[in-house]
Amino acid sequence: MFSKISAFLNSHVETSERNEDESLRTHYYKTTKDKMMNAISEWVTKDQRFSLLDESKERGELSVNVVKGKKGFLVITVTSVRPFRTGVDFSFTVEKGVNFGYGQKLIRQFYANLDKEHTFVGIGGSE
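Report on the accompanying structure. None of these values were measured; they are calculated from a predicted model.

**Focus: the packing of aromatic side chains**
Under the definition given, this model contains seven aromatic pairs. Ring plane angle 45° and centroid distance 5.4 Å describe the contact between phenylalanine 50 and phenylalanine 110, whose orientation is recorded as tilted. Pair noted here: phenylalanine 50 is in strand S3 (residues 50-56) and phenylalanine 110 is in helix H3 (residues 102-117), with a separation of 60 residues, a long-range link. Considered together, phenylalanine 50 and phenylalanine 110 belong to a single accessibility category, that of buried residues. Where phenylalanine 90 meets tyrosine 111, the ring centres are 5.0 Å apart and the plane angle is 80°; that geometry is what we call edge-to-face. With phenylalanine 90 in strand S6 (residues 85-94) and tyrosine 111 in helix H3, this pair connects stretches of sequence that are 21 residues apart. Like phenylalanine 90, the residue tyrosine 111 is buried in the burial classification. Taken together, Trp43, Phe50, Phe90, Phe110 and Tyr111 form an aromatic cluster joined through their ring pairs.

What follows is the structure in structure tokens.
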């Protein structure tokens, strides 16, 4: 319970392979790294809440400013685990103050959108 309260009040939230919060574990999809990078880049560019700062296909990272809502900085990491198995992780830091759950909500929205557009194959720790 303490970890949930701490995460809610922290200014930073990120996904990981073994996150205590199952909804914030790495998500895996049946697609290639390039297709996933392109899909995320396209979605971020169309959504007025975001401003794409940088995209590095070599590193599999997108750097995004969150300009509407709780302002902050988002890093999206796309990793090719094996052919047609791609992992997606997020790291969000609010610009000022505390998170108040906004980062968790934002990450869950991203995952929900990716789940609709790509074949979801599992989360971290369940592989």
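There's plenty left to go through after this.
**Considering the nonpolar core**
Counting 25 residues, the largest nonpolar core has Ile40, Leu74, Ile76, Val88, Phe90 and Phe110 as its most contacted members. The element that contributes the greatest number of residues to this core is H3, accounting for six residues.

**Describing the pairing of S3**
Taken together, the six bridges between S3 and strand S4 (residues 61-66) define a ladder with antiparallel strand orientation. When the sheet's bridge partners are listed, serine 56 is paired in S4 with glutamate 61. Between the antiparallel neighbours S3 and S4 lie four residues, among them glycine 60 with a positive phi of about 75°.

**Here's the deal with unusual backbone geometry**
Residues other than glycine seldom take positive phi values, yet phenylalanine 84 does so here, at roughly 60°. Residue position: phenylalanine 84 is located in the loop between strand S5 (72-82) and S6. A positive phi angle, close to 50°, is found at phenylalanine 100, a residue other than glycine. Examined against the element boundaries, phenylalanine 100 turns out to sit in the loop between S6 and H3.

The rules we used
Residues numbered from 1 in each chain as written. Predicted model: local features only at pLDDT ≥ 70, side-chain atom pairs only at ≥ 80, totals over all residues. Heavy atoms only, no water. Phe/Tyr/Trp six-rings, centres within 6.5 Å; stacked < 30°, edge-to-face > 60°. Helix = DSSP H or I, 4+ residues; strand = E, 2+ residues; numbered from the N terminus. Buried < 20%, exposed > 50% of the residue type's maximum accessible area, 1.4 Å probe, protein only. Core = buried A, V, L, I, M, F, W, Y, C linked by side-chain atoms within 4.5 Å. Pairing = 2+ DSSP bridges.

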